[in-house]
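A closer look at the structure
The residues making up each chain are set out below.
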Amino acid sequence: MVQQVLVAPDKFKGSLTAAEVAARVSAGLGVPTVELPVADGGDGTVDAAVAGGFSRVTIEVTGPTGERISASYAWQDTGATAVVELAEASGLRRLPGGHEPLTATSHGTGELIADAVRRGAKRVVLGLGGSACTDGGAGMAQALGARLLDADGEDLPRGGAALKGLARIDLSGFVDVSGVEFVVASDVDNPLLGPHGAAAVYGPQKGATPDDVKTLEAGLARLAAVATATHGLMGAVEHDDTPRAMGVAGAPGAGAAGGVGFAALAFLHAEIRPGIGYLLDLLGFGELVKDARLVITGEGSLDEQSLRGKAPVGVARAAAEAGVPVVAVCGRRTLTDDELRAAGIEAAYALTDLEPDPERCMAEAGPLLERLAARLAAVHLQED
């Protein structure tokens, strides 16, 4: 008798959600399966949590350009746990009109967190990835009650560029989070400042010009420096007007999501955990894999980026601990067989194996994935 197969893929970006990938694979296999869509903390994390049994809470929040939008987070009564995905409220996908690197805000993410805290959350998991902003999490902090003030005592406008005028941070109205555990699910290890920091590395991806990067870096440095002198927060120090990353600003992950990692560490006292590993634990992967004969994972593109903490490799590592083999499905792959095996993946099946035209692969991903799953089953799920 064929044992169950655990189908635990990430999304195929631009064509299928993780839940849709899991459903198509299961349909093509023709054997008993358990579907567990996964995510690594980026875009799709809330959807994965909902597919894993969480409920969806949708509210109106501030989008990255200040417009009002509907965004959601995942909620689980057991343990009073909320999963908040930055990309939901403050992501690049919320910028249909193009990038706004100097003024985009993380305010909406703070509104989602505030709603979860009001709901009674004891734990908030914050997935960072796909952000539109480079504001150091200033908008998120403002939504939670912090006031970022200039030399005249006026509130700063939104966005990272405005931070260069920061003189004082007032936390007297900050929401009470003393009884809440905050976990940042992210595999980004960049600090807030410097050549490997939020502005230098990720600013250009959000449309920042070289001059914009300098402006954003100056704003983030000012935020970190002022945070040092505000209610004992450790952010950075300034000597001779030169900011130096210290404490929280120099911590691995402080530069995640345009510096939202810094604000989570400094204002929420969050703990940064590896994204996919933590979320697999949250979704109960460890228990489900015990009864599996095979794990099938995947994502849209299996490439070098996949080896840097992306979902398929995280799934493979977790399955290896249980002694269960792993194969992958994907839209396309650039990894060699040796690279896949080194990552714990026995084999990978790509849609481009069936249809070489990338546009048709995107448009017909669902039916092609079912055919691919049938091919996979013929090789890996033969009866003993």
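What counts, and at which threshold
- Residues numbered from 1 in each chain as written.
- Predicted model: local features only at pLDDT ≥ 70, side-chain atom pairs only at ≥ 80, totals over all residues.
- Heavy atoms only, no water.
- Pairing = 2+ DSSP bridges.
- Helix = DSSP H or I, 4+ residues; strand = E, 2+ residues; numbered from the N terminus.
- Axes fitted to C-alpha atoms, helices over the stretch in contact; angles between N-to-C directions.
- Contact = heavy atoms within 4.5 Å.
- Buried < 20%, exposed > 50% of the residue type's maximum accessible area, 1.4 Å probe, protein only.
- Disulfide = S-S within 2.5 Å.
- Expected span 1.5 Å × (residues − 1).
- Arc of directions from axis to C-beta.
- 1 Å grid on protein atoms, 1.4 Å probe; cavity = no way out; pocket = protein on both sides within 12 Å on 5 of 7 lines; lining within 4 Å.
- Points joined across faces, edges and corners; volume = space filled by probe spheres on them.
- Nonpolar A, V, L, I, M, F, W, Y, C, P; charged D, E, K, R; others polar.
- Core = buried A, V, L, I, M, F, W, Y, C linked by side-chain atoms within 4.5 Å.

On to the sheet that holds strand 4 (residues 68–76), then. The 6 strands are arranged 3-4-5-6-9-12 in an open sheet whose pairing can be described as mixed. The outermost strands of the open sheet, each flanked by one partner alone, are strand 3 (55–62) and strand 12 (271–273). For this sheet, the mean angle separating the axes of adjacent strands, direction not counted, is 30°. Packed on one face of the sheet, helix 9 (residues 275–283) meets strand 5 (81–85), strand 6 (123–127), strand 9 (181–185) and strand 12 and runs near 140° to strand 6.

With that out of the way, let us pick up the pairing of strand 5. Remark: a regular strand shows side chains that alternate across the two faces of the sheet. Of all 5 residues in strand 5, 5 are buried, a share of seventy percent or more. The two faces of strand 5 match: Thr-81, Val-83 and Glu-85 on one face and Ala-82 and Val-84 on the other face are all buried. Of the pairings in the sheet, the one linking strand 4 to strand 5 comprises 3 bridges and is antiparallel in character. The residue of strand 5 that forms the bridge with Trp-75 is Ala-82. In this structure, the hairpin formed by strand 4 and strand 5 is closed by a connection of 4 residues, where Gly-79 is found at a positive phi of approximately 80°.

So, on to the state of the cysteines. Here a disulfide denotes a covalent bond joining the sulfur atom of one cysteine to the sulfur atom of another. Under the criterion given, the structure shown has 0 disulfides. This cysteine, Cys-361, is not joined by any disulfide, and Cys-330 carries the nearest cysteine sulfur, 9.8 Å off.

When the terminal C-alpha atoms of helix 1 (residues 18–29) are compared, their 17 Å separation across 12 residues agrees well with the 16 Å that a helix rising 1.5 Å per residue should span. When we look at burial in helix 1, the residues that qualify are Ala-18, Val-21, Ala-22, Val-25, Ser-26, Gly-28 and Leu-29. Seen along its axis, helix 1 keeps its buried residues to an arc of 165°; they face one direction. Where helix 1 is buried, its residues meet strand 1 (5–7), strand 2 (33–35), strand 13 (294–302), strand 14 (326–333) and helix 14 (365–380). Immediately beyond the C-terminal end of helix 1, within one or two residues, lies Gly-30, with a positive phi of roughly 75°.

Further remarks concern the environment of Arg-168. Along the chain, Arg-168 falls in strand 8 (residues 168–170). Once residues within four sequence positions are removed from consideration, Arg-168 is found in contact with Arg-147, Leu-148, Leu-149 and Val-226.

In the Ramachandran plot, Ala-80 falls in the positive-phi region, its phi being about 45° despite a non-glycine side chain. Along the chain, the position of Ala-80 falls in the loop between strand 4 and strand 5. A residue is classified by how much of its surface remains accessible, and Ala-80, at 13% relative accessible area, is buried. Phi angles above zero are rare outside glycine, and Ala-257 is one such case at about 55°. Tracing the backbone through its elements, the reader meets Ala-257 in helix 8 (residues 256–268).

Looking now at empty space enclosed by the protein. Within the structure shown, the criterion is met by 2 cavities of 30 Å³ or more. When its volume is computed, the largest cavity comes out at roughly 40 Å³. In this structure, the largest cavity is lined by Asp-135, Ala-138, Gly-139, Gln-142, Leu-148, Leu-156, Pro-157, Arg-158, Gly-159, Ala-162 and Leu-163. Among the elements that make up the lining of the largest cavity, the one with the highest residue count is helix 5 (residues 138–143) (3 residues). Partitioned by chemical class, the residues of the lining of the largest cavity number 6 nonpolar, 3 polar and 2 charged. Within this model, the second largest cavity holds a volume of roughly 30 Å³. Looking at the second largest cavity, the residues that line it are Ala-39, Thr-45, Ala-48, Ala-49, Leu-279 and Leu-283.

This next bit is on the sheet that holds strand 2. To summarise the sheet geometry, strands pair through backbone hydrogen bonds and adopt either a parallel or an antiparallel arrangement. Read from one edge to the other, the open sheet built from 5 strands follows the order 2-1-13-14-15, with strand pairing classed as parallel. Each edge of the sheet is formed by a strand with only one pairing partner; in this case those strands are strand 2 and strand 15 (347–350). Strand-to-strand twist of the sheet, defined as the mean angle between neighbouring strand axes without regard to direction, takes the value 25°. The pairing of strand 14 with strand 15 spans 4 bridges and is classified as parallel. Pairing of Val-329 across the sheet is with Tyr-349, part of strand 15. Against the sheet, helix 11 (residues 311–321) touches strand 13 and strand 14, its axis set at about 160° to strand 13.

As a further point, take the nonpolar core. Counting residues in each nonpolar core, the largest one holds 69 residues, and the members touching the most others are Ile-113, Met-140, Leu-148, Ile-169, Phe-182 and Phe-262. The greatest single-element share of this core, amounting to 10 residues, is contributed by helix 8. Non-local contacts of Leu-148, meaning those with residues more than four positions away in its chain, are made with Ala-138, Gln-142, Glu-154, Asp-155, Leu-156, Leu-163, Leu-166, Arg-168, Ile-169 and Leu-223. Val-289, Ala-292, Leu-302 and Ala-316 belong to the second-largest nonpolar core, a separate cluster that totals 37 residues.

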